Amino acid sequence: TSSVAFKMTLVLDAIAEARRSFTEARLLQDIERTRVWAKEHNTAPLAHVLHAGALQAYGGYFRGDGFANTVPPQAWKVYEEYVRKGGAYLLENEGVASKSTTWHMWALITARAAGWPRDVVQRIFEAGVAQSPADFTLYRHAMEYFLPKWHGDAQAVDGFIRNAITRAPSEYGMELYARLYSGAGELHFGRRLYSDTLVDWKQMKEGLELWYRRFPTAWNKNIFAYHACIAADKPAAKRLLDEIGGDAEWQVWQPGAKATWETCVRWAAEPEAEPTAPPKPASEQGQRAGRAESRPAA
């Protein structure tokens, strides 16, 4: 797409969204349908990926979309059983299905939900990027595994990102650094990205500039402006906010989009205003900051 999203990712996202509305009976039918399809077309990677996804969607039906502390113990048992079944199926069919990096992407998602060891995650990631080094979804899903709410901490996230940018195509440059840290903020750290992680604003800014230069969409300019604001770079924030004017992409500024936008605009326009970024807790700098207390959803 114009913002570098892979169309296959959008297809899989659409299927996952459709499955969220399925009844239990429909999900069981989906498991059987995809099992038959994968057996009849056993050289088609997508058939195997969709069967694994059908198994895991059935587990997700019992888990639900709420916080971990809202899930009954009995539901966890079913959820974990079907996540394991989906993961085992992926690994059993790796020889055929891994000919497409769609398999690697789904295996990384499963690794996060099932808590596979880091060395397995690293092996899957490295095999995927060796096959398709420009596939951003591989970097994104591998990074998510290392978030504090899953199986890592701020150091693990930074270590993965710094290693990842050495493996990406040269045209990515620091763009991948910006994309991955932006994802880390969206998925876990939120407005505390620049206080609770090891992100470097100079490198982040360079990456955001490259990102917008390659894909000059209104959405990407809003992302750049948002980060300039929460990183307290007033000159950059003012320039970008002035350029955006009244064309804000409100989803980028969530939660509290309009209040966040207006606060940033006011701060950028007032020379005497001081940055309001939260201070780094002395005991948490570089540690497992922002760790979620409850068990996350897949």
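Rules behind the numbers
- Residues numbered from 1 in each chain as written.
- Predicted model: local features only at pLDDT ≥ 70, side-chain atom pairs only at ≥ 80, totals over all residues.
- Heavy atoms only, no water.
- Helix = DSSP H or I, 4+ residues; strand = E, 2+ residues; numbered from the N terminus.
- Buried < 20%, exposed > 50% of the residue type's maximum accessible area, 1.4 Å probe, protein only.
- Polar contact = N/O pair within 3.5 Å; in protein donor to acceptor, adjacent residues only side chain to side chain.
- Contact = heavy atoms within 4.5 Å.
- Phe/Tyr/Trp six-rings, centres within 6.5 Å; stacked < 30°, edge-to-face > 60°.
- Lys NZ or Arg CZ within 6 Å of the ring centre and 35° of its normal.
- Disulfide = S-S within 2.5 Å.
- Core = buried A, V, L, I, M, F, W, Y, C linked by side-chain atoms within 4.5 Å.
- Expected span 1.5 Å × (residues − 1).
- Axes fitted to C-alpha atoms, helices over the stretch in contact; angles between N-to-C directions.
- Parallel < 35°, antiparallel > 145°, perpendicular 65-115°, else oblique.
- Left-handed = near helix turned anticlockwise from the far one by under 90°.
- Nonpolar A, V, L, I, M, F, W, Y, C, P; charged D, E, K, R; others polar.

> Give me the lowdown on the side chain of T110, citing residues and values where you can.
One can find T110 in helix 6 (residues 101–114). Residue classification places T110 among the buried residues on the basis of a relative accessible area of 1%. Here the side chain of T110 touches Q56 through a polar contact of 3.0 Å, side chain to side chain. Ignoring anything within four residues of it in the chain, the contact list for T110 reads Q56, V83, G87, L90, G115 and W116.

> Account for the packing of aromatic side chains, naming residues and giving values.
Enumeration according to the criterion identifies 13 aromatic pairs in this entry. Here the aromatic rings of F146 and F160 are separated by 5.5 Å at their centres, their planes lie at 25 degrees, and the arrangement is stacked. Here the residue F146 occupies a position in the loop between helix 8 (136–145) and helix 9 (154–167), and F160 occupies one in helix 9, the gap between them amounting to 14 residues. Exposure class is identical for F146 and F160. Each is buried. The structure contains a cluster of three or more aromatic residues connected by ring pairs, namely F125, Y139, Y145, F146 and F160. A cation over an aromatic ring shows up here: R26 above the ring of F22, its NZ or CZ 4.0 Å from the ring centre.

> Before we move on, can you summarise the state of the cysteines with the specific residues and values?
What we call a disulfide is simply a covalent bond connecting the sulfur atoms of a pair of cysteines. Under the defined criterion, the tally for this structure stands at one disulfide. Between the sulfur atoms of C229 and its disulfide partner C264 the distance amounts to 1.9 Å. In this structure, the disulfide formed by C229 and C264 twists by about -90 degrees around the S-S bond and is classed as left-handed. Here C229 is found in helix 13 (residues 218–230), whereas its partner C264 is found in helix 15 (residues 257–269), with 35 residues between them in sequence.

> Please provide a residue-by-residue account of unusual backbone geometry, values included.
With the exception of glycine, the majority of residues adopt a negative phi angle, and the majority of peptide bonds are in the trans configuration. Geometrically, the link from Q254 to P255 is a cis peptide bond, its omega value of -5 degrees lying close to zero. Tracing the chain through its elements places P255 in the loop between helix 14 (234–244) and helix 15. At A232, a position not held by glycine, the phi torsion is positive, near 65 degrees. For A232, the location among the structural elements is in the loop between helix 13 and helix 14.

> Can you lay out the nonpolar core for me, pointing to particular residues and giving the numbers?
F160, L180, Y181, M204 and W253 are the most contacted members of the largest nonpolar core, which totals 81 residues. Looking at this core element by element, the count peaks at eight residues for helix 3 (residues 45–63). Excluding its chain neighbours within four sequence positions, the residues that come into contact with M204 are Y177, A178, Y181, S182, Y194, V199 and H227. One finds A75, W76, Y79 and V83 within the second-largest nonpolar core, a separate group that totals six residues.

> Can you break down helix 12 (residues 201–214) residue by residue, with the values?
Over its 14 residues, helix 12 runs 20 Å from end to end, which matches the ideal 20 Å to within 8%, given 1.5 Å per residue. The inward-facing, buried residues of helix 12 contact helix 10 (175–189), helix 11 (193–196) and helix 13.

> Break down the packing of helix 9 against helix 10 for me, citing the residues and quoting the values.
Contact geometry for helix 9 and helix 10: axes closest at 9 Å, N-to-C directions at 155 degrees. With respect to their mutual orientation, helix 9 and helix 10 come out roughly antiparallel. Between helix 9 and helix 10 the crossing geometry is right-handed. In this structure, helix 9 uses V157, D158, F160, I161, R162, A164 and I165 to contact helix 10, whose residues at the interface are L176, Y177, L180, Y181 and A184. Its residues assigned to classes, the contact of helix 9 with helix 10 shows ten nonpolar, no polar and two charged.

Keep in mind these values describe shape, not function.
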